[in-house]
Structure formats: structure tokens, C-alpha cells
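The primary structure of each chain is shown beneath.
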Amino acid sequence: MSKKNVAVIPGDGIGPEVIKATLEVLEKVAPGQFDFTEVAMGGNAIDKYGEPLPDFSLKTCQNAEATLLGAVGGPKWDNQPPDNRPERGLLGVRSGLEVFANIRPAKIFAPLASACPLRKDIADKGIDFIIVRELTGGIYFGKHEAFKTPDGERAARDVMEYSEHEIRRIAHVAFKMAMGRRKIVTSIDKANILTVSRLWRDVVEEVAKEYPEVKLNHLYVDNASMQLIRVPSEFDVIVTENTFGDILSDEASQIVGSIGMIPSASLGDNNRGLYEPIHGSAPDIAGQDKANPIGTILAGAMMLRYSFNMNKEADAIENAVDEVLKAGLRTGDIYTEGTKLISGSQMRDEIIKRL
Ligand code: NAD
């Protein structure tokens, strides 16, 4: 059996720490099945090659079946010109891999329920939904223009545009995901005002006909932002355009607690994907063995699920994380009184022990 070819970008700050932990977890759950190729990207690539994403780094990612990323950036590179900053490398990898669907799970681990800022009776109903955000279209990628009106006043406009195929392909991602879950898709738009949203709604409804088992709801984005806080347990898969998804996924990350716990996946055609935690390089704790590796380890589990169809192994990782939390073990970011404080590498070892 040929090995699965994975490009690995450790990055900067805590990136290499959380990636090391994740590779060890993957090797434990599927021994000998991966060929990991380390890729320079971010501040470390600027130091070594003068640019955040050298061509050969991007090529390695493009040739891989999946890319796993830690985090990039840090104060050392803050004075780089805007087009040579570490974050440029990040955008370069995302666009070079042509990933159009960003998947962010929002799941509350029962042992961490006290970290949820919502009322206990709401959190107790359980929170486990996924946001499928369109990543390469909409207003962020439309025409941006600053201009003067005929009477000389400053004005600006940003154009929101979606074509049918962009909506169709992201809707399919959402419905396929719902088929493996509770079979509910909520499409979020602003169809009472925006023409783009009316097209969005029409196309999502057309796609829904191909998934008769899945229940489709529509919500306006303003209402959705309230319902996510009022009744989060009712959501299963949310699908939405780029800007609404950007805002709602940050709202969702706060509902479920620490930034160190949350993974994300960005998918393109043919199951190719980019997998990363949602946190940054945390320069304030880098090199101190304090970083919580769980967000990246769960990103590794998403890679197994979405790029390699290894659902059993992904379940095993998620269960091991659950077990460690149930045992009361915590890194500093999720520590509360009455639990046991451990280091990042101990967290890795405790997860591996339970696999
Ligand atoms: P950050 O996510 O790095 O850190 C925010 C806070 O959360 C810090 O206090 C940090 O210690 C803590 N934290 C983050 N991840 C943690 C983990 N795994 N375990 C424990 N604590 C954790 O955000 P920031 O401070 O705004 O940014 C730092 C650098 O990271 C900047 O250079 C920024 O540009 C970059 N950044 C990179 C990415 C990425 O690579 N995807 C994303 C966001 C920010």
C-alpha cells in the first residue's frame, strides 16, 4: 500500500510544538501510513529564503494529498513590508491549493462545559455543529474601489458577486457533510435585501433536491447570529457565504471556549485539503511547552476524515481527546480550579496513551 503523502508546515512560534505532537498522534493511530514532507513557510522561510512562501514550498503542498499547518508569524517579522509578511505565505498556500470550502466545527466537550459563556441550561443541551464557509468568493474577492462622487466627496464600494457554480459546489460540501451527521442544513443569507442572497437561496434549494434525506432551513444572517446563542443545540451544518461565515465562525469559537481547542479544514476539489488550528503562533508562550496541541491534533483528525476517509482513526483521536479532558488534565489555557495542570508535551503523551 502506498503511503499517504502529506505536506507539513510547522511554521513559527508554537507552530512546530503543536505540529510535532500531531505527527506523533497520527503515527500512533496509523503507523507507517504517512509520508510527511516538511515545508518552509512563514517567518522561518523569510529568514532562510528571503520570502514567506518560496515556489518550491507551494509546489510541495500542491503535490501532496493534504497539507497540515501549525501557525505562522510573530513580532520578529512585524517590520517586513506588507507583501513579504509571514501571513502572506498563508494566503498564498490557501489560494495556491484552490481551497474553496472552510470547515469549522463548533463542539463543546462535556468536561469543558464550564468554559462556555452561555447559560448552563443552554450549554447543557449540547453544542455540536459545523460551519461550512465559502472561502474564495463574495465581497472579499469582488472589485474594491475608492472614488470621488461628482461633487467631490470621497466614496468607496466593494462588490459582492457569486456565480451559480460557486454556490453549487459549496452547497454540495454542506449536504454531503450533513449526510454523515444529523442531516440538517441551515443556509444563512440576507435574501430579504441582497440579490446575491436570492441566487444563493435558489441554488441551495436546487442542490437540496439531490439530498432528500437532509432537512434544509434558511435563516437571515442577523437572526442566525441570535439563534446561535439562543439555541445552538439546534444547528447541525451551517452553510454560508464568505463574509457571513467569517463573522459567524468567530462567534461560534467563543461559544465553545478556548482558541487552543479548535481545528479547521479548508477543502478544494478531489478531497484535497489544508488542515490547521484556528489559533496563531502565540509568541507569548512559544518555546515554554505551554501550548495546547489539541486544536492541531483535531485538525489532524479532520484530515483523516475528509482527505483520507479514515473515519475510524479520526474517531479514535477525538475519543482520546475526550478521555484526557474527562480525566481532568488541562493545559494552562483551559485550566480551571480542581483540574490538573499539565504541559503541552504531557497533553500529547496523555492523548497518545489513550489511543
Ligand atoms: P494567537 O492565536 O497566536 O494568540 C492569542 C492568545 O491565545 C495568546 O495569549 C496565546 O498565548 C493564546 N493561545 C493561542 N493558541 C494557543 C494554544 N494552542 N495553547 C495555549 N494558548 C494559546 O493570536 P495573536 O497573538 O493575535 O497572534 C500571534 C501571531 O500569530 C501574529 O503574528 C499573528 O499574525 C499570527 N497568526 C497566525 C495565524 C495562522 O498562522 N493561521 C492565525 C492568527 C494569527
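Fair warning: this is a prediction, and the values are worked out from it, not measured in the lab.

Draft legend 1. Inspection of the environment of R88 at higher detail. Tracing the chain through its elements places R88 in helix α4 (residues 86–96). Sequence-wise, R88 and V72 are 16 residues apart; in three dimensions their C-alpha atoms are separated by 9.8 Å. Not counting residues within four places of it along the chain, the set of residues in contact with R88 comprises P52, P82 and D83. One polar contact links the side chain of R88 to the main-chain carbonyl oxygen of P82, over a distance of 3.4 Å.

Draft legend 2. Inspection of the pattern of salt bridges at higher detail. A full pass over the atoms with the stated rule returns 23 salt bridges. Between R157 and E145 there is a salt bridge, with the nearest N and O atoms lying 2.8 Å from each other. One end of the pair, R157, is in strand β7 (residues 154–158); the other, E145, is in strand β6 (residues 144–148), and 12 residues separate them in sequence. R157 gets classed as partly exposed once you look at its relative accessible area, which sits at 39%. With a shortest N-O distance of 2.8 Å, E350 and R354 are connected by a salt bridge. The class for E350 is buried, based on a relative accessible area of 17%.

Draft legend 3. Layout of unusual backbone geometry. Positive phi outside glycine occurs at K183, with the angle close to 65 degrees. For K183, the location among the structural elements is in the loop between α6 (164–179) and β8 (184–189). By relative accessible area, which is 27% here, K183 ends up partly exposed. Of note in the backbone geometry, N309 takes a positive phi value of approximately 55 degrees without being a glycine. On the secondary structure map, N309 appears in the loop between α10 (294–306) and α11 (311–326). Using a relative accessible area of 63% as the deciding quantity, one classes N309 as exposed.

Draft legend 4. Molecular detail of the site of the ligand. Around the ligand, the structure places 20 residues, and the nearest of them are V72, E87, G280, A282 and N292. Contact between the ligand and G74: an oxygen atom at 3.0 Å from a main-chain N or O atom of the residue. At a separation of 2.9 Å, an oxygen atom of the ligand approaches a polar side-chain atom of D284. A total of 810 Å² of accessible area belongs to the ligand in isolation, and the protein chains cover 68% of it.

Draft legend 5. Structural detail: the sheet that holds strand β12 (residues 273–277). Across the sheet, which stays open at both edges, the 10 strands sit in the order β2-β1-β3-β12-β11-β4-β5-β10-β8-β9 with mixed pairing between neighbours. Single-partner strands in this sheet number two, and they are β2 (34–38) and β9 (215–220). Within this sheet the neighbouring strands show an average axis-to-axis angle of 20 degrees, counted without direction. Docked against the sheet, helix α8 (residues 221–230) engages β5 (128–134), β8, β9 and β10 (237–240), running at close to 105 degrees with respect to β9. Across the sheet, α10 lies against β1 (4–11), β2, β3 (66–71), β4 (101–107), β5, β11 (263–267) and β12, angled at about 35 degrees from β11, the strand it touches most.

Draft legend 6. Structural detail: the side chain of D189. If you trace the backbone, D189 turns up in strand β8. For D189, a relative accessible area of 1% gives the class buried. At a separation of 3.0 Å, a polar atom in the side chain of D189 contacts the main-chain amide nitrogen of A191. Sequence-distant contacts of D189, defined by excluding residues within four places in its chain, comprise S197, W200, R201, H218, L219, Y220, V221 and F244.

Draft legend 7. Structural view of the packing of aromatic side chains. In total, this model carries six aromatic pairs according to the counting rule given. Between F34 and F36, the aromatic rings sit 5.4 Å apart at their centres with planes inclined by 20 degrees, giving stacked as the arrangement. Residue F36 is classed as partly exposed on the basis of its relative accessible area of 25%. Centroid distance Y49 to F56: 5.0 Å. Interplanar angle 80 degrees. Geometry classified as edge-to-face. With relative accessibility at 38%, the residue Y49 sits in the partly exposed group.

Draft legend 8. Spotlight on the packing of α6 against helix α7 (residues 195–208). Two numbers describe how α6 lies on α7: the axes approach to 9 Å, and their chain directions differ by 50 degrees. Judged on the interaxial angle alone, α7 and α6 are oblique. Relative to α7, the crossing made by α6 is right-handed. Here E164, I167, R168, I170, A171, H172 and F175 of α6 come into contact with α7, specifically with L199, W200, V203, V204, E206, V207 and A208.

Draft legend 9. Main features of the domain arrangement of the chain. For the chain, the domain assignment lists domain 1 (1–100 + 261–355) and domain 2 (117–255). Relative to domain 2, the C-alpha centre of domain 1 lies at a distance of 26 Å. Across the domain 1 to domain 2 interface the summed buried area is about 670 Å²; carbon plus sulfur atoms make up 74%. For the pair domain 1 and domain 2, the interface holds zero salt bridges. Across the contact surface, domain 1 and domain 2 share one residue pair in polar contact (both at pLDDT 80 or more). Here the residues of the side of domain 1 that touches domain 2 sort into six nonpolar, one polar and no charged.

What counts and what doesn't
- Residues numbered from 1 in each chain as written.
- Predicted model: local features only at pLDDT ≥ 70, side-chain atom pairs only at ≥ 80, totals over all residues.
- Heavy atoms only, no water.
- Helix = DSSP H or I, 4+ residues; strand = E, 2+ residues; numbered from the N terminus.
- Contact = heavy atoms within 4.5 Å.
- Polar contact = N/O pair within 3.5 Å; in protein donor to acceptor, adjacent residues only side chain to side chain.
- Salt bridge = Lys/Arg side-chain N within 4 Å of Asp/Glu carboxyl O.
- Buried < 20%, exposed > 50% of the residue type's maximum accessible area, 1.4 Å probe, protein only.
- Near = heavy atom within 4 Å.
- Areas by Shrake-Rupley, 256 points an atom, 1.4 Å probe, with all protein chains shown as cover.
- Pairing = 2+ DSSP bridges.
- Axes fitted to C-alpha atoms, helices over the stretch in contact; angles between N-to-C directions.
- Phe/Tyr/Trp six-rings, centres within 6.5 Å; stacked < 30°, edge-to-face > 60°.
- Parallel < 35°, antiparallel > 145°, perpendicular 65-115°, else oblique.
- Left-handed = near helix turned anticlockwise from the far one by under 90°.
- Domains from an automatic or database assignment.
- Buried area = accessible area lost by both parts, 1.4 Å probe.
- Nonpolar A, V, L, I, M, F, W, Y, C, P; charged D, E, K, R; others polar.

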